[in-house]
Amino acid sequence: MDGKATDKKIIFSGIQPSGALTLGSYLGAIKNWVTLSETYDCRYCIVDMHALTSRQNPAELRRRAIDQLAQYIACGLDPEKSIIFIQSHVPAHAELAWVLNCYTMFGELSRMTQFKDKSAKNTDNINAGLFTYPVLMAADILLYQTDLVPVGEDQKQHVEICRDIAGRFNGIYGDVFRLPEPFIPKVGARIMSLTSPESKMSKSDEDPGGCIYVMQKPDEIMRAFKRAVTDSGGAVRFDPVQKPGVSNLMQIYSAAAGLSFEQIESEFEGRGYGDFKLRLGEAVVELLRPIREEAERLAADRAHLESVYRQGAEKASRAAEKTLRKVYRKIGFIEKKDVPSCPSIRN
Ligand code: ATP
Ligand code: LTN
């Protein structure tokens, strides 16, 4: 599991502990993580350093990171099979990010959609970290010689810039980094807000009614679906242009219940939106119930969670340091194995 101990493909992904996990991130990313972890060599990260790009309350950030760890496990990730860790525990991420900053162009970062969206929304805190966010993400991915990055559609551009940076670096120094591919689900890649289906369901959404959270209680989930925006005409039919609200709900139902759009259309033939929303709410409640219950149980066992993140950091560091050492050698840094202040893990 450390480095490239097997011939299995390497998977890396992460989520910021900047808010509660949403149904969007579950269906767009984590659900795939669980499936992939059965066959591949996976690293799943809680990217707390990325979360700093928006202002965080320190106590809340700490609590959310540990809760997110419990939720990863409750979703079906097994720390014995996958490396599960917290980004700030592995300093190689910050170190490689600095190096890669020097191989990333101002112009290409200026074109990133997420930077444009987030800086338009947070005009009082357009910090340099928000701008170089994709470089830290590239470091996350490249440190582990990752083959596949399971993410939602919105992160595709970040994986592309990561490939560009890696390709540029390899072009100068030879074959240092493996070029990763995004791995995006067919259904659930872009779940939209329940109240404004033109924008993505997002944990930083100002309207909490637009979001379903993994840890939300059944009655709140049912209420949120009941209030979800639908479209004119009463038919449950998949048509993202004419019927964006209903089509989004169908995406959720399809991903949650494992049904095709045709099966959903025929199930609700001649029935109204009310019936559909009720059934959808029940399906999502049943999907999330075991996750919520298991996460609550795990969150109470702090000692276990601590041992998971400690072991995760140790395994991740070993793999990450291997790549970082190679990078330092290539760019012309003097080996630090003889420098006493460097932790032993680095030697
Ligand atoms: P923020 O609002 O702070 O940007 P977010 O809710 O978009 O956060 P992220 O932490 O950025 O969530 O995303 C975690 C993972 O889940 C990413 O792989 C992302 O692509 C995926 N994801 C997030 N929201 C959705 C969504 N609505 N539909 C599908 N996938 C999603
Ligand atoms: N930018 C991602 C989070 C993220 C990530 C990563 C995803 C940070 N580093 C590495 C995949 C691989 C997001 O979800 N907003």
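Conventions we followed
- Residues numbered from 1 in each chain as written.
- Chains lettered and ligands numbered in written order.
- Predicted model: local features only at pLDDT ≥ 70, side-chain atom pairs only at ≥ 80, totals over all residues.
- Heavy atoms only, no water.
- Near = heavy atom within 4 Å.
- Polar contact = N/O pair within 3.5 Å; in protein donor to acceptor, adjacent residues only side chain to side chain.
- Areas by Shrake-Rupley, 256 points an atom, 1.4 Å probe, with all protein chains shown as cover.
- Helix = DSSP H or I, 4+ residues; strand = E, 2+ residues; numbered from the N terminus.
- Nonpolar A, V, L, I, M, F, W, Y, C, P; charged D, E, K, R; others polar.
- Buried < 20%, exposed > 50% of the residue type's maximum accessible area, 1.4 Å probe, protein only.
- Pairing = 2+ DSSP bridges.
- Right-handed = clockwise from strand over helix to strand, strands pointing away.
- Contact = heavy atoms within 4.5 Å.
- Expected span 1.5 Å × (residues − 1).
- Disulfide = S-S within 2.5 Å.
- Salt bridge = Lys/Arg side-chain N within 4 Å of Asp/Glu carboxyl O.

A.B. asks: Describe the site of ligand 1, naming the residues involved and giving the relevant values.
C.D. replies: Around ligand 1 sit 21 residues, and of these Lys-118, Asp-154, Lys-200, Ser-202 and Ser-204 come closest. Between ligand 1 and Lys-200, the relevant distance is 2.3 Å, taken from an oxygen atom to a side-chain nitrogen or oxygen of the residue. For ligand 1, the accessible surface in isolation is 600 Å², of which the surrounding protein chains cover 96%. Examining the composition of the shell around ligand 1, we find that four residues originate from one element, helix 1 (residues 23-37), more than from any other. For the shell around ligand 1, the class distribution of residues is six nonpolar, ten polar and five charged.

A.B. asks: For the site of ligand 2, give the residues involved together with the corresponding values.
C.D. replies: Of all residues adjacent to ligand 2, which total 13 residues, the nearest are His-50, Tyr-133, Met-137, Asp-140 and Gln-155. A distance of 2.6 Å separates a nitrogen atom of ligand 2 from a polar side-chain atom of Asp-140. Relative to its free-state accessible area of 360 Å², ligand 2 is covered by the protein chains to the extent of 91%. Where the shell around ligand 2 is concerned, the elements lending two or more residues are strand 1 (10-15) and helix 7 (128-143). For the shell around ligand 2, the leading source of residues is helix 7, giving four residues.

A.B. asks: A description of the pairing of strand 1 should follow, citing residues and the corresponding values.
C.D. replies: Along strand 1, five of the six residues are buried, which leaves the element largely enclosed by surrounding structure. Both strand 1 and strand 2 (residues 41-46) contribute to a ladder of six bridges, which runs parallel. Bridge pairing in strand 2 places Phe-12 opposite Arg-43. Considered for its hand, the β-α-β crossover made up of strand 1, helix 1 and strand 2 is right-handed.

A.B. asks: Tell me about the environment of Cys-42, and name the residues and values.
C.D. replies: Within the element layout of this structure, Cys-42 appears in strand 2. Setting aside chain neighbours within four positions, we find Cys-42 in contact with Ile-11, Leu-36, Ser-37, Ser-82 and Ile-83.

A.B. asks: Could you give an account of unusual backbone geometry, naming the residues involved and the relevant values?
C.D. replies: Positive phi outside glycine occurs at Gln-145, with the angle close to 55°. Structurally, Gln-145 is set in the loop between helix 7 and strand 4 (148-150).

A.B. asks: Which residues make up helix 10 (residues 244-257), and what are the values?
C.D. replies: Because the α-helix completes a turn every 3.6 residues, residues three or four places apart line up on one side. End to end, helix 10 covers 20 Å across 14 residues, agreeing with the expected 20 Å (1.5 Å per residue, within 8%). With twelve of 14 residues buried, helix 10 lies mostly within the body of the structure. Inspection of helix 10 places Gly-245, Val-246, Ser-247, Asn-248, Leu-249, Met-250, Gln-251, Ile-252, Tyr-253, Ser-254, Ala-255 and Ala-256 among the buried residues, and these make up the whole buried set. For helix 10, the elements touching its buried residues are helix 1, helix 9 (218-227), helix 11 (261-267) and helix 12 (273-299). One or two positions beyond helix 10, positive phi appears at Gly-258, with a value near 70°.

A.B. asks: Provide a residue-level description of the state of the cysteines, including the pertinent values.
C.D. replies: One pass over the full model with this rule turns up zero disulfides. With no disulfide partner, Cys-211 has as its closest neighbouring cysteine sulfur the one in Cys-75, 15 Å distant.

A.B. asks: Explain the pattern of salt bridges residue by residue, including any values.
C.D. replies: Applying the stated criterion across every chain, the model contains 17 salt bridges. Residues Asp-154 and Lys-200 are paired through a salt bridge, measuring 3.2 Å at the closest nitrogen-oxygen approach. One end of the pair, Asp-154, is in the loop between strand 4 and helix 8 (156-173); the other, Lys-200, is in the loop between strand 5 (181-183) and helix 9, and 46 residues separate them in sequence. For Asp-154, a relative accessible area of 29% corresponds to the partly exposed category.

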